[in-house]
Amino acid sequence: MKYIYKFAVVLIVALLVLNAPNIIKQYYPYKYSDYIVKYSKQNNLDPLFVAAVIKTESNFNVNALSNKNAYGLMQITGDTATWSSKKMGTEDFKLSMLNDPEYNIKMGCWYLNNLDQEFNDFDLVLAAYNGGRGNVQKWLKSSNHSVDGKNLQYIPFKETDKYVKKVNVNYKIYKFLYK
C-alpha cells in the first residue's frame, strides 16, 4: 500500500509538472486575442505586452470599473478617453463605448502607442499609463527621480511603482506561456 501511495504521488506530481503551462494559462488567459493582436500590430506594440497590461488592469473583466472611474479591460478614465477619442478621430464618443472590448482595446493600444512615441521606454510608458504622463515628465526633470532625464531611478507613487513591476512580471509570464 505504501508503494502505491508513493507511486500515486509521483504520478500526480509528474502530471502537474508536464501540464503546468496549461494550468498556469487558467490564471493568465489570453482572451480577446484577435482584438489584442489586431490593435497591437496597428500601434507597433507586442500583443503579449498588451495582454499583460489588461491582466494587470482588469484581469480581463470587460465590465471592470475602478474607484477612479476607469472603464473596461484596459481601465481607461473618462478624461483620457475623451481626449484620445478626439485624437483618434472617433465621432460621437460616449463613455459606454469603453465597455465594448474591441473599442477599449483599440483605444488602450492607441494610447500606449501615443505614450511610447513620447517616452520611448516601456517602463516610462507604464508609469505614465498608471500615474499620468504629466507626473512622469515632472519626475524625469527631477534629480530626485532621474539621473539623466531619460530614465526613472525612483517612482514616488507606490501604486505606480508596483504597477510597473507587476506588468513587467505579467509580461514575462505571457511571453513564457504564449510565444
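Higher on the page you've got the structure.
All of these numbers come straight from a predicted model, not from anything done at the bench. In every chain, residue numbers begin from 1 and rise along the written sequence. Given that this is a predicted model, residues contribute local features only at a pLDDT of at least 70 and side-chain atom pairs are listed and counted only at 80 or more, while totals for whole chains, interfaces and linings are drawn from all residues. Side-chain numbers here rest on the full set of heavy atoms in the structure, without hydrogens or water.

(A) Spotlight on the packing of helix H3 (residues 33-42) against helix H4 (residues 47-58). Viewed as axis vectors pointing N to C, H3 and H4 meet at an angle of 120°, and their least axial separation amounts to 8 Å. Judged by the angle between their axes, H3 and H4 are oblique. The hand of the H3/H4 crossing is right-handed. Residues Ile36, Val37 and Ser40 of H3 pack against Pro47, Val50, Ala51 and Ile54 of H4. Considered class by class, the residues forming the contact of H3 with H4 number six nonpolar, one polar and no charged. Axis definition: a line fitted to C-alpha atoms, over the contacting stretch in the case of helices. Angles run 0 to 180 degrees between N-to-C directions. Every helix listed is a DSSP run of H or I at least four residues long, and every strand listed is a run of E at least two residues long, numbered separately from the N terminus. If an angle is under 35 degrees, it is roughly parallel; if it is over 145, roughly antiparallel; if it lies from 65 to 115, roughly perpendicular; otherwise it is oblique. Here is the rule for handedness: rotate from the far helix to the near one, and if that takes an anticlockwise turn smaller than a right angle the crossing is left-handed, while a clockwise turn gives right-handed. Contacts are assigned to residue pairs with any non-hydrogen atoms lying within 4.5 Å of each other. In this classification, Asp, Glu, Lys and Arg are treated as charged, Ala, Val, Leu, Ile, Met, Phe, Trp, Tyr, Cys and Pro as nonpolar, and every other residue, Gly included, as polar.

(B) Quick look at helix H9 (residues 158-178). For a helix, the expected span equals 1.5 Å multiplied by the residue count minus one. Helix length check: H9, at 21 residues, gives a terminal C-alpha distance of 30 Å against a target of 30 Å (1.5 Å per residue), a fit within 8%. Considered for burial, the residues of H9 that qualify are Thr160, Tyr163, Val164, Val167, Asn170, Tyr171, Tyr174 and Leu177. Looking down the long axis of H9, one finds its buried residues gathered within 155° of arc, a one-sided arrangement. Among the exposed residues of H9, those pointing more than 90 degrees away from its buried face are Lys158, Lys162, Lys165, Lys172 and Phe176. Partly exposed describes any residue whose relative accessible area lies between the buried limit of under 20% and the exposed limit of over 50%, with all areas from a 1.4 Å probe on protein chains only and scaled to the type maximum. By arc we mean the arc of the directions from the helix axis to the C-beta atoms, nothing more.

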